[in-house]
Structures are given as structure tokens and as C-alpha cells.
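Geometric and topological summary
Read off the chains here:
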Amino acid sequence: GRQGVVDHPPWRYSNIMTSIRKWLIAGCVCGCLPMVGCAAALGGRQDTSREAAARLVADVVRADYDGDRTKLAALRERFVMPANDPRLSSLVHYWRGFAMWRRAINGFNDDAPPDELARDLQTAVDDFQAALRMRPGFVDAKVGLISAIGYQGYLRRSDADATLPSLVRLLG
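Bear in mind that the values here come from a model prediction, so they are computed numbers and not experimental data.

**Points about the overall build of the protein chain**
A count of helical and extended segments in the protein chain gives 7 helices and 0 strands. What you see in the protein chain, going N to C, is helices and strands ordered as α-α-α-α-α-α-α. Evaluated residue by residue, the protein chain yields a buried proportion of 38% over its 172 residues. As displayed, the protein chain offers around 10,100 Å² of accessible surface, 56% of which is attributable to carbon and sulfur atoms.

Encoded structure:
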């Protein structure tokens, strides 16, 4: 073989990708576990709410990783808004927005129709904004919102007049 080139057997890439995927899912799940602890968020029993929340978030992350746009939309609907808990409600809004934001991004890769992408992005924007109304300092929701509005701008790139009001509202 050539000097300086290391031949890696194909199984190594598979194992590496599996490990990376597990770490990503674990990071997302562990990051949200302390925040998602109310049974009302999922309509489940209180003793299993954390596990159910972790599974639902992991399912969203997995569907995103797999590019499963249909599943992302279905999972968004499984998040139930809790009563009288603004912190948990902000998380539910965030994860609902995350599912639609990532659905749209995957749609760009799949050549989804622009009007479908626009609907998904607007739904994500609405969810991220709802999360931010409940918790103005929620950085992840801000990042999702900025990204979703950026993608909306890309979809409307030929019509700057349609994009500018969204950016002014975001920055204003």
C-alpha cells in the first residue's frame, strides 16, 4: 500500500458511527432529564415520567439522525403541555419546535416541497417563541429560533421584503 495511508476495515466506521450516535443521544437525553420530570408533560404516571420523557426525547433525536421526517412530525404531537408549570411547558415547546426545525432541515436534504418546509419552519418558530415567552433566557430555544428564521430567509431569498420583518422582530 501507499505510505501514510492507513487502511481501516469497514467495521471500524460502523462501530465509530454507532458510538457517536449513542453519545449524541445520551447527551441530549441526560441534558434534558433534570428539566423534564413531570408526568403531565407526557400524560404518563409520575413514577415513570422521567423515563418516558427520556425515551420521547431520545426518539426525537433518533428520528432526526435517521432523517425520518414522518416520525418527527408524529413525535411532536406526543408532547403534552403540562398545566401550571411554566418551566416544563417551555421545555415541551422547545422539543416540539426542535422536532419541526429538524424535520425542515432534513426536508432540505430530501428536496421536500418549499411550502412544506415553510410550514415546518413556521411551526418551529412558533414553538421556540412560545418557549422563550415562558423562559426568556432559554438559550437553546434562541438558537433554534435564529436558525429556523435563517432557513425561512433562505426559502424567501428572492423576496427580501418578506424576510426583513422576521429579522427585525428577532433582533428588535
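**Topic: the nonpolar core**
Counting 30 residues, the largest nonpolar core has Val60, Tyr94 and Trp95 as the members making the most contacts within it. Going through the elements one at a time, helix 2 (49–66), helix 3 (69–78), helix 4 (86–109), helix 5 (114–134) and helix 6 (139–155) are the ones with two or more residues in this core. Of all the elements, helix 4 adds the most residues to this core, at 11 residues.

**Re the packing of helix 3 against helix 4**
Relative orientation of the contacting elements helix 3 and helix 4 amounts to 165°, with a least axis distance of 9 Å. What the angle tells us is that helix 3 and helix 4 run roughly antiparallel. As for how helix 3 packs across helix 4, the hand of that crossing is left-handed. Note on element contacts: helix 4 touches helix 3 through Arg96, Ala99, Met100, Arg102, Arg103, Asn106 and Gly107, opposite Arg69, Leu72, Ala73, Arg76 and Glu77.

**Here we look at the confidence of the model for the protein chain**
Scored by pLDDT, the protein chain has a mean of 77; 63% of the residues are at 70 or more. The model gives residues 1–24 a pLDDT under 50, and that stretch makes 4 contacts with residues more than four places away or in other chains. Confidence over residues 28–48 falls short of pLDDT 50; this stretch has 42 contacts with residues more than four positions distant or in other chains.

**Remarks on the packing of aromatic side chains**
Applying the stated criterion across every chain, the model contains 9 aromatic pairs. Arranged with centres 5.3 Å apart and planes meeting at 45°, the rings of tyrosine 94 and phenylalanine 138 form a pair that is tilted. Here phenylalanine 138 lies in the loop between helix 5 and helix 6 and tyrosine 94 lies in helix 4, a separation of 44 residues in the sequence. An aromatic cluster of three or more residues is present, and its members are Tyr94, Trp95, Phe98, Trp101, Phe128 and Phe138.

**Some details on the pattern of salt bridges**
Counted under the stated rule, the structure contains 9 salt bridges. Where aspartate 127 meets arginine 76, a salt bridge forms, and the shortest distance between an N and an O atom there is 2.9 Å. In this pair, aspartate 127 sits in helix 5 while arginine 76 sits in helix 3, placing the two residues 51 residues apart along the sequence. An identical accessibility class is assigned to aspartate 127 and arginine 76; each is buried. Each of Arg69, Arg103, Glu116 and Asp120 takes part in salt bridges that share partners, so that together they form one network.

So, how was this worked out
Residues numbered from 1 in each chain as written. Predicted model: local features only at pLDDT ≥ 70, side-chain atom pairs only at ≥ 80, totals over all residues. Heavy atoms only, no water. Helix = DSSP H or I, 4+ residues; strand = E, 2+ residues; numbered from the N terminus. Buried < 20%, exposed > 50% of the residue type's maximum accessible area, 1.4 Å probe, protein only. Areas by Shrake-Rupley, 256 points an atom, 1.4 Å probe, with all protein chains shown as cover. Core = buried A, V, L, I, M, F, W, Y, C linked by side-chain atoms within 4.5 Å. Axes fitted to C-alpha atoms, helices over the stretch in contact; angles between N-to-C directions. Parallel < 35°, antiparallel > 145°, perpendicular 65-115°, else oblique. Left-handed = near helix turned anticlockwise from the far one by under 90°. Contact = heavy atoms within 4.5 Å. pLDDT = per-residue confidence, 0-100. Phe/Tyr/Trp six-rings, centres within 6.5 Å; stacked < 30°, edge-to-face > 60°. Salt bridge = Lys/Arg side-chain N within 4 Å of Asp/Glu carboxyl O.

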